Amino acid sequence: MEHENQLNDQLADYTDAMLKGDAMLLDDDLQELGTVLRSLQRVVGKPTPPPTPFHTRLTQTLNNEWQKAQQERAQARQRQQLVWRLGTVAAVVVLVFTVLILLPSDNTTSNTGTAQGGNEWLIFVLVAVILGAIGTAYYWFQKYRR
Amino acid sequence: MKKSFLQRLLPLTNDINPTMISADDSDEVLAKYAQNGHREAFIGLYNRYLNKVYNRVKSRVPVENVEDVTQEIFIAVIRSLPGFRNEARFNTWLYTIVNRQIAEFYRQRSRHRGDTPTLSLEEMEFGEPSYEHDQLDETVAIQKALNAIPDHYREIVLMRFIDGLSFQEIADARNQTLEAVKSLFRRAVQAIRDEVGEVEL
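Residues numbered from 1 in each chain as written. Chains lettered and ligands numbered in written order. Predicted model: local features only at pLDDT ≥ 70, side-chain atom pairs only at ≥ 80, totals over all residues. Heavy atoms only, no water.

Trainee: Just give me the short version of a nonpolar patch on the surface, but keep the residues and values in it.
Mentor: Residue and element names in this part refer to chain A. A cluster of nonpolar side chains, Val89, Val92, Val93, Val96, Phe97, Leu100, Ile101 and Leu103, forms an exposed patch at the surface whose accessible area comes to about 750 Å². Structurally, the position occupied by Val93 is in helix α3 (residues 52-102). According to the relative accessible area criterion, Val93 is partly exposed, its value standing at 39%. (Patch = residues over 30% accessible without salt bridge, like charges linked within 9 Å, V, L, I, M, F, W, Y side chains within 5 Å. Areas by Shrake-Rupley, 256 points an atom, 1.4 Å probe, with all protein chains shown as cover. Salt bridge = Lys/Arg side-chain N within 4 Å of Asp/Glu carboxyl O. Helix = DSSP H or I, 4+ residues; strand = E, 2+ residues; numbered from the N terminus. Buried < 20%, exposed > 50% of the residue type's maximum accessible area, 1.4 Å probe, protein only.)

Trainee: For the environment of Asn5 of chain A, give the residues involved together with the corresponding values.
Mentor: Mapped onto the fold, Asn5 of chain A is located in helix α1 (residues 2-20). Linking Asn5 of chain A and Ala76 of chain A, residues 71 residues apart in sequence, is a C-alpha distance of 56 Å.

Trainee: Now, about the interface of chain A and chain B: what can you tell me, with residues and values included?
Mentor: As a measure of interface size, the accessible area lost when the parts come together is often cited. Each partner contributes residues to the interface: chain A has 48 residues there, and chain B has 46 residues. Taken together, both faces of the contact between chain A and chain B bury some 4400 Å²; the carbon and sulfur share is 66%. One can count six salt bridges joining chain A with chain B. Residue Glu4 of chain A is joined to Arg186 of chain B by a salt bridge in which the shortest nitrogen-to-oxygen separation is 2.4 Å. Our count for the contact surface shared by chain A and chain B stands at 13 residue pairs in polar contact (both at pLDDT 80 or more). Counting only elements with at least two residues in the side of chain A that touches chain B, the list comes to α1, α2 (31-44), α3 and α4 (113-144) of chain A. Ranked by the residues each element gives to the side of chain A that touches chain B, the list is headed by α3 of chain A, at 14 residues. Split into classes, the residues belonging to the side of chain A that touches chain B amount to 23 nonpolar, 13 polar and twelve charged. (Contact = heavy atoms within 4.5 Å. Buried area = accessible area lost by both parts, 1.4 Å probe. Polar contact = N/O pair within 3.5 Å; in protein donor to acceptor, adjacent residues only side chain to side chain. Nonpolar A, V, L, I, M, F, W, Y, C, P; charged D, E, K, R; others polar.)

Written out as structure tokens, the structure is:
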């Protein structure tokens, strides 16, 4: 284990020295890996910036791509908003119909006073629950659509 | 700009002022801004990573395809940006896209090759089980080996050689001990050696 750690350290030190341009001797056990490291240095060890014409061309291409992506996202958002608005209108219509159905009719007699009171309370709770559900749905929709 | 009642009630993440974007912002902060449509933030990330991505691609793809693959990677980043979640580091996410696009390049190349009646030796650089190692040059052999080894081996080699990070910096970035990183590095170099086989380096 100790020997393994020494080899790990030595190979790391050799890599550091090589990349700095310094010379360093390697243990016999690591000679083959030293050859690989020198090869890696020749092939990938000298990073270069991309050629200027390519950089310019790429920047232009990505600008166009960015615009396109933003437009597509905006259109998708508009579609989602349309769906949401239609859903909201449908919910409000359902709400109105529910309220109308639950409202006491004109031929209610006076001896149903207690029941009427119960209905008004129920309607209030129902409206509050539906509005709360719409508000919560709208909040989560806004939060997670991005 | 005055915010509506609803905007104050439900603050949305795209209420970020672009002038708040700073060169010191972390990758993840810039990515968040870019996700919300701020082009300047995306340009910041692009400028930060162009050289690294370009050189990573150059280390794994034939030189004549490097520019095309690099371009495809950044286009994929723009398209995938809404899916980036801040639980991951931005560079981890970006290098996943780099690996995916390089794999896609070789898949397409392989399909194209299937339609080609005759192949030159140069066209048979990668993935052919029967090619002769001795006839391939050093660059091709190293590229092939880098493509063949596991991602975590390749990543540590590229972090040292292309990103220019010290072993300590790699350890910090990967939340590993220095000893673990050095051990992983040696195993990675050994894996490359095994892949290269008999090629004269």
